[in-house]
Amino acid sequence: MEKFVELQGHRGHRGLFPENTLPAFLSALNLAVDVIELDVVISNDKKVVVSHEPFMSSQYMLTPNGKPINKSQEKLYNLYEMTYDEIKTFDAGSKGNKRFPSQQKIKTYKPLLTEVFEVIEKHIQLKKLNPIRYNIELKSVAEEYGIWQPFPEEMVDLVIKVIQEKKIDRQIILQSFDVRILETIQQKYPKFILSYLVEEGSLDQNLAKISFTPQIYSPDYRLINDENFVLQVHQANMKLIPWTVNTSKDIQRMISLGVDGIISDYPEKVLKYRSQL
């Protein structure tokens, strides 16, 4: 019998809804995912904004008057230099995303993390759904401290403050590619579950960059070649949760190799295969 595999809806339900928006999160919730995965950045007025990029991506964002944003211009819209009131006026869903042709086009916006918690928890209560957990990626790059986001300590404090105000500490996983973010959380807030995101390098190379063993190792799924890799991660006392696994073939391969969870833009595909186990 194959073991239970945790399902995380990537940026909510990006395959069918605008990423990192309330419609995407509610869709994932209604599918009964175990975890909602999302990204956060910081605005100029120190609000925790749900967004993958710290700028207005030309791929799927529209200006407040509905105009497309040129690729060459997108980084002029630096969220760290904008107030949240300004950020909210941009359209995060009407354009759609060419990479996800089945994605519904819905006029929506980049929400605050606090609003995401409020809307989801209220929906769970109303519909009597099972409790959800949140896997929150702190978007941070060392070369961009003070330019696109605060330095790690300030960013971590801002995110943790929102979580603690909502009293949902136990429902939270915090993840990042930036080791300094993870180190800061481990030192200041050691009770949180941490996930180490990686996109290249061997397990040994990546673990050499961090001073402690996080609870979760979260690589690009293409780095997982065989059962031996899975065994090594488990022997290091970590769970293995790859991203972003979207095709039926890859989903089946990850489950057969024995991963602990799957992050997917198409959680409905994972549910379909998981129900057959």
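Preceding block: the structure.
Nothing here was measured: the structure is a model prediction, and the numbers come from that model. (Residues numbered from 1 in each chain as written. Predicted model: local features only at pLDDT ≥ 70, side-chain atom pairs only at ≥ 80, totals over all residues. Heavy atoms only, no water.)

## Notes on the overall build of the protein chain
Stage number 1. For the protein chain, the count of helices and strands is nine helices and nine strands.
Stage number 2. For the protein chain, the spread of C-alpha atoms along the three principal axes comes to 55 × 40 × 40 Å.
Stage number 3. The buried share of the protein chain, taken over its 277 residues, is 57%.
Stage number 4. Here the contacts in the protein chain between residues at least 6 apart in sequence split such that 60% fall between residues at least 24 apart. (Helix = DSSP H or I, 4+ residues; strand = E, 2+ residues; numbered from the N terminus. Buried < 20%, exposed > 50% of the residue type's maximum accessible area, 1.4 Å probe, protein only. Contact = heavy atoms within 4.5 Å.)

## With respect to helix α7 (residues 227-235)
Stage number 1. When we look at burial in α7, the residues that qualify are Phe229, Val230 and Val233. Down the axis, α7 shows its buried residues gathered within 100 degrees of arc, on one side only. Seen from the buried face of α7, the exposed residues on the opposite side, beyond 90 degrees, are Glu227 and Gln235.
Stage number 2. In the core, the buried residues of α7 are packed alongside α6 (203-207), β7 (216-219), β8 (239-240) and α8 (248-257).
Stage number 3. N-capping of α7 is provided by Asp226, with a side-chain oxygen placed 3.2 Å from the backbone N of Asn228. (Arc of directions from axis to C-beta. Polar contact = N/O pair within 3.5 Å; in protein donor to acceptor, adjacent residues only side chain to side chain.)

## Re empty space enclosed by the protein
Stage number 1. Under the counting rule described, the total for this entry stands at one cavity of 30 Å³ or more.
Stage number 2. The volume enclosed by the largest cavity comes to roughly 30 Å³.
Stage number 3. What lines the largest cavity is Glu19, Asn20, Thr21, Val50, Ser51, Tyr60, Ala92 and Lys110.
Stage number 4. Classifying every residue of the lining of the largest cavity gives three nonpolar, three polar and two charged. (1 Å grid on protein atoms, 1.4 Å probe; cavity = no way out; pocket = protein on both sides within 12 Å on 5 of 7 lines; lining within 4 Å. Points joined across faces, edges and corners; volume = space filled by probe spheres on them. Nonpolar A, V, L, I, M, F, W, Y, C, P; charged D, E, K, R; others polar.)

## Observations concerning the packing of helix α1 (residues 22-30) against helix α3 (residues 113-127)
Stage number 1. Close contact between α1 and α3 brings their axes to 11 Å; oriented N to C, the two are set at 35 degrees. In terms of crossing hand, the pair formed by α1 and α3 is right-handed. Where α1 abuts α3, its residues Leu22, Phe25, Leu26, Leu29 and Asn30 lie against Glu115, Val116, Val119, Ile120, His123 and Ile124.
Stage number 2. Here the residues of the contact of α1 with α3 are counted per class, giving eight nonpolar, two polar and one charged. (Axes fitted to C-alpha atoms, helices over the stretch in contact; angles between N-to-C directions. Left-handed = near helix turned anticlockwise from the far one by under 90°.)

## A look at the side chain of Asp39
Stage number 1. Relative to the elements of secondary structure, Asp39 occurs in strand β2 (residues 35-42).
Stage number 2. Judged by its relative accessible area of 0%, Asp39 falls in the buried class.
Stage number 3. Only 3.0 Å separates the side chain of Asp39 from the side chain of Asn20, close enough to count as a polar contact.
Stage number 4. Those residues in contact with Asp39 that lie beyond four places of it in its chain are Arg11, Asn20, Val49, Val50, Ser51, His52, Glu137 and Lys139.

## Side note on the pattern of salt bridges
Stage number 1. Taken as a whole, this structure holds 14 salt bridges when the rule is applied.
Stage number 2. Arg222 is paired through a salt bridge with Asp220; the nearest N and O atoms lie 2.8 Å apart.
Stage number 3. You can call Arg222 exposed: its relative accessible area is 57%.
Stage number 4. Residue class for Asp220 comes out buried when judged on its relative accessible area of 7%.
Stage number 5. Beyond isolated ion pairs, a larger network of salt bridges with shared partners links Arg11, Arg14, Glu19, Asp39 and Asp265. (Salt bridge = Lys/Arg side-chain N within 4 Å of Asp/Glu carboxyl O.)

## Focus on the nonpolar core
Stage number 1. Of all hydrophobic cores here, the largest spans 77 residues; its most connected members are Leu38, Leu113, Ile136 and Leu174.
Stage number 2. Considering every element that reaches this core, the biggest residue donor is helix α4 (residues 152-165), with seven residues.
Stage number 3. If we skip the residues at most four places from it in the chain, Leu113 touches Leu38, Val40, Val48, Val50, Ile136, Val159 and Val162.
Stage number 4. Residues Val35, Ile173, Ile216 and Ile263 belong to the second largest nonpolar core, which totals seven residues. (Core = buried A, V, L, I, M, F, W, Y, C linked by side-chain atoms within 4.5 Å.)

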